[in-house]
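# Notes for the structure review
Below, each chain spelled out in residue letters.
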Amino acid sequence: HAKRSGRGLVVVYTQDMEEAAKRVTRIEQALRRAVSAGEVEPHFQPIVDLASRRIIGFEALARWTDGDLGSVSPGVFIPIAEERGIIGQLSQLLLRKATLAARQWPESVFLSFNLSPSQLVDQNTCNQIMTILSRSGLDPRRLEIEITETGVMSDPASAEKIMQELRSYGIRIALDDFGTGQSSLGRLREFHFDKIKIDQAFVASILTDRASEHIVRAILAMCEGLNMDVVAEGIEDEAQAARLLEFGCPSGQGYYFGRPVDAETALFGLGNRIGQRQAIV
Ligand code: C2E
Ligand code: MG
Ligand code: MG
Ligand code: MG
């Protein structure tokens, strides 16, 4: 677009890029401060058993509100943290807080935690995770690590080594946002994922788009054959939950069951709702 429109617009475009770069730097600086001050918090979104509607786990999702910038979405600050070398420190802060929160939950409830691609090429990652787990006293078998296809593909050999190490301690590995990346089905077998998280894009259109329905059913059949657990992400209403259950999907996550909430609210919700056979909204 800019190319076809001649020189004038190219200059405007360059100014936009300069503005964007300035904003990234501002976010980076504020984030460094926040991480040092321990001001980034994990929130927790329930993962439920679709048949009983019981909470079986929580996914930790980073939340950050800066005094000047206001609330910044993880979709914005996680990539910046990754790009500017802050992700390791940020992730350790979040895992410390998340494991302390998870210690308050019943033993049967797991914690799911996202790792960024660069952490799968850093050979210290497993040690750092194990140190945090032993300090907070959380059983590694209650931890699940979510990684994306992009994270695995940047350096498959390194990712596999770190994943094997994590699994040797009983930590489970889930493949996040499945179906949207450059997935090679062969890799699924090679990497021994414990769980697949079906991307929310398929769930959003499962009732309206036959193709989505077929893809979801194929993923479920494949996971059953490969003996992998599955969770459907982004469930927003009962009709989607019912259809997924009908197709044999064992577990789900989404706004219908609960939005991400702070540690205290998650614990309160567990006290009220665990073991209750009803929708969690
Ligand atoms: P993700 O790991 O795939 O997390 C799911 C995202 O979908 C979350 O967005 C969640 O709030 C949102 N979501 C959950 N249920 C629904 C629903 O029913 N409908 C819709 N439309 N959205 C739903 P969020 O919290 O903004 O996080 C975005 C992404 O940022 C995450 O995607 C993850 O890739 C990354 N992220 C978040 N926290 C962390 C973290 O602590 N570490 C790392 N490395 N990445 C993180
Ligand atoms: Mg995730
Ligand atoms: Mg996801
Ligand atoms: Mg996602």
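Here goes a summary of the coordinates provided.

Calculation criteria
Residues numbered from 1 in each chain as written. Chains lettered and ligands numbered in written order. Predicted model: local features only at pLDDT ≥ 70, side-chain atom pairs only at ≥ 80, totals over all residues. Heavy atoms only, no water. Near = heavy atom within 4 Å. Polar contact = N/O pair within 3.5 Å; in protein donor to acceptor, adjacent residues only side chain to side chain. Areas by Shrake-Rupley, 256 points an atom, 1.4 Å probe, with all protein chains shown as cover. Helix = DSSP H or I, 4+ residues; strand = E, 2+ residues; numbered from the N terminus. Nonpolar A, V, L, I, M, F, W, Y, C, P; charged D, E, K, R; others polar. Salt bridge = Lys/Arg side-chain N within 4 Å of Asp/Glu carboxyl O. Buried < 20%, exposed > 50% of the residue type's maximum accessible area, 1.4 Å probe, protein only. Pairing = 2+ DSSP bridges. Right-handed = clockwise from strand over helix to strand, strands pointing away.

## Here's the deal with the site of ligand 1
Close to ligand 1 lie 22 residues, the nearest being Arg63, Ser116, Asp176, Glu236 and Tyr255. With respect to ligand 1, the backbone of alanine 62 contributes an N or O atom lying 3.0 Å from a nitrogen atom. Taking glutamate 236, its side chain carries an N or O atom lying 2.5 Å from a nitrogen atom of ligand 1. Here ligand 1 loses 81% of its free accessible area of 810 Å² to cover by the protein chains. Residue assignment for the shell around ligand 1 shows that the elements contributing at least two residues are β2 (55–66), α2 (74–83) and β6 (172–178). When residues of the shell around ligand 1 are assigned to their parent elements, the largest contribution, four residues, is made by β2. Looking at the shell around ligand 1 residue by residue, the class counts come to nine nonpolar, six polar and seven charged.

## Focus on the pattern of salt bridges
Considering all chains together, one arrives at 17 salt bridges under this definition. In this structure, glutamate 233 engages lysine 197 in a salt bridge whose closest nitrogen and oxygen atoms are separated by 4.0 Å. You can see glutamate 233 sitting in the loop between β8 (229–232) and α10 (238–246) and its partner lysine 197 sitting in strand β7 (residues 195–198), a full 36 residues away along the chain. Lysine 197 shares its class with glutamate 233; the two are buried. With a closest N to O distance of 3.6 Å, arginine 210 and glutamate 213 form a salt bridge. With arginine 210 and glutamate 213 both in helix α9 (residues 210–225) and three residues apart, this pair spans about one turn of that helix. On the accessibility criterion, arginine 210 (56% relative accessible area) is exposed. Where salt bridges share partners, they join Arg210, Glu213, Arg217, Arg243 and Glu246 into one cluster.

## Some points on the pairing of strand β5 (residues 143–148)
The buried fraction of β5 amounts to five of the six residues, a majority that puts the element mostly inside the structure. Here four bridges tie strand β4 (residues 110–114) to β5, and the two strands are oriented parallel to one another. For serine 112, the partnering residue across the bridge sits in β5 and is glutamate 144. For the segment spanning β4, helix α4 (residues 125–136) and β5, crossover handedness is right-handed. Direction of pairing for β5 relative to β6: parallel, over a ladder of five bridges. Following the sheet pairing, threonine 148 is matched in β6 by aspartate 176.

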